[in-house]
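# Coordinate analysis (summary)
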Amino acid sequence: MTSLPFITLLSFTLAISLVKLTAYSQLEVVRTAMLSRHVKNGGAKVLQLGGTTRDLYYYPPKTLAVTVNDPNLNIGLFEQAGMTVGIPTRATKLSLADALAGTATGSLDAVVSFNQFGDVSDARVLRGLVVEVARVLKAGGTFVFYERRRDGGVAQVGVR
C-alpha cells in the first residue's frame, strides 16, 4: 500500500521528463536543419550571435570560419569546440550592436542568431540591427534566426 504513492510519483516524473526530452529533441532538429540547409555548404564565413558550443557541430562541412559573439559566453569553451569540429572559431564578448558594427561590409556568407533579437523592445533599435545584419552580408548571404517566445512557447525561426 505504501509503494503506490511512490510509483505514482515516479510515473509522473518519468512522464514529465519524456515530454521535456521530446520538446528538446524537436528544437535540436530545427537548429540542425537551419544551419545545415541555410548556411552555404563549403567555405562559408559566419557570424553566430548567441547560441551554444554544440551549434558548431551543425554547420556544413568545410565551413571556413565562425565568429561567435555573446556577452556571456565562455571564450575558451567555444574556441576548443571549434578545434574539435575543425572550424576556425573566434569568440568575442561584445554587445550585439558592437559585434555587427565591428564587422566589415559584405564580408559574411551568413549571420546566425540564437535568441538575440527577441529582447530588443525598441523598434528603431531593432530595425537598425537588422540593417546592420544586411550590411555585413555578402550578396546572396543568409540571415538565420531562432527566437524562443517570451512565454516559453514554440520557437520562432526564420531565414532571409
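For the structure itself, consult the block above.
All of the points below concern the structure found in this document.

Here the structure, examined in full by the defined rule, presents three aromatic pairs. Seen from their ring centres, Phe-117 and Phe-143 are 5.7 Å apart, and the 70 degrees between their planes marks the pair as edge-to-face. Of this pair, Phe-117 sits in the loop between β4 (108-114) and α4 (123-136) while Phe-143 sits in strand β5 (residues 137-147), and the two are 26 residues apart along the sequence. Here Phe-117 matches Phe-143 in class, with each residue buried. Through successive ring pairs, a cluster of aromatic residues spans Phe-117, Phe-143 and Phe-145.

Within this structure, the stated rule accounts for three salt bridges. We note a salt bridge from Asp-109 to Lys-40, for which the minimum N-O separation is 3.6 Å. Residue Asp-109 is located in strand β4, and its partner Lys-40 is located in the loop between α1 (3-38) and β1 (45-49); the two are separated by 69 residues in the primary sequence. For Lys-138, the salt bridge is made with Asp-109, and the minimal N-O distance between the two is 3.5 Å.

Its place among the elements puts Val-85 in helix α2 (residues 75-85). Separated by 24 residues in sequence, Val-85 and Pro-61 place their C-alpha atoms 9.4 Å apart. Setting aside anything within four residues of it in sequence, one finds Val-85 in contact with Leu-56 and Tyr-57.

A word on the nonpolar core. With 20 residues, the main nonpolar core has Leu-35, Val-39, Val-46, Leu-56, Tyr-59, Val-66 and Val-112 as its most contacted residues. In terms of residue count, β4 provides more of this core than any other element does, three residues in total. Those residues in contact with Val-39 that sit more than four places away from it in its chain are Met-34, Ala-44, Val-46, Tyr-59, Pro-60, Ala-110 and Val-112. Counting residues in each nonpolar core, the second largest holds 13 residues, with Leu-47, Leu-96, Ala-99 and Val-111 among its members.

Moving on: α4. The terminal C-alpha atoms of α4 lie 20 Å apart, and with 14 residues this matches the ideal 20 Å at 1.5 Å per residue to within 8%. Residues Leu-129, Val-133 and Val-136 constitute the buried set of α4. Projection of α4 onto a plane perpendicular to its axis shows the buried side chains occupying an angular sector of 75 degrees, all on one side. Pointing more than 90 degrees away from the buried face of α4 are the exposed residues Arg-124, Arg-127 and Val-131. In this fold, the buried residues of α4 make contact with α3 (96-101), β4 and β5. The residue sitting at the N-terminus of α4 and contributing the capping side-chain oxygen is Asp-122; that oxygen lies 2.8 Å from the backbone nitrogen of Arg-124.

Basis of the calculations
- Residues numbered from 1 in each chain as written.
- Predicted model: local features only at pLDDT ≥ 70, side-chain atom pairs only at ≥ 80, totals over all residues.
- Heavy atoms only, no water.
- Phe/Tyr/Trp six-rings, centres within 6.5 Å; stacked < 30°, edge-to-face > 60°.
- Helix = DSSP H or I, 4+ residues; strand = E, 2+ residues; numbered from the N terminus.
- Buried < 20%, exposed > 50% of the residue type's maximum accessible area, 1.4 Å probe, protein only.
- Salt bridge = Lys/Arg side-chain N within 4 Å of Asp/Glu carboxyl O.
- Contact = heavy atoms within 4.5 Å.
- Core = buried A, V, L, I, M, F, W, Y, C linked by side-chain atoms within 4.5 Å.
- Expected span 1.5 Å × (residues − 1).
- Arc of directions from axis to C-beta.
- Polar contact = N/O pair within 3.5 Å; in protein donor to acceptor, adjacent residues only side chain to side chain.

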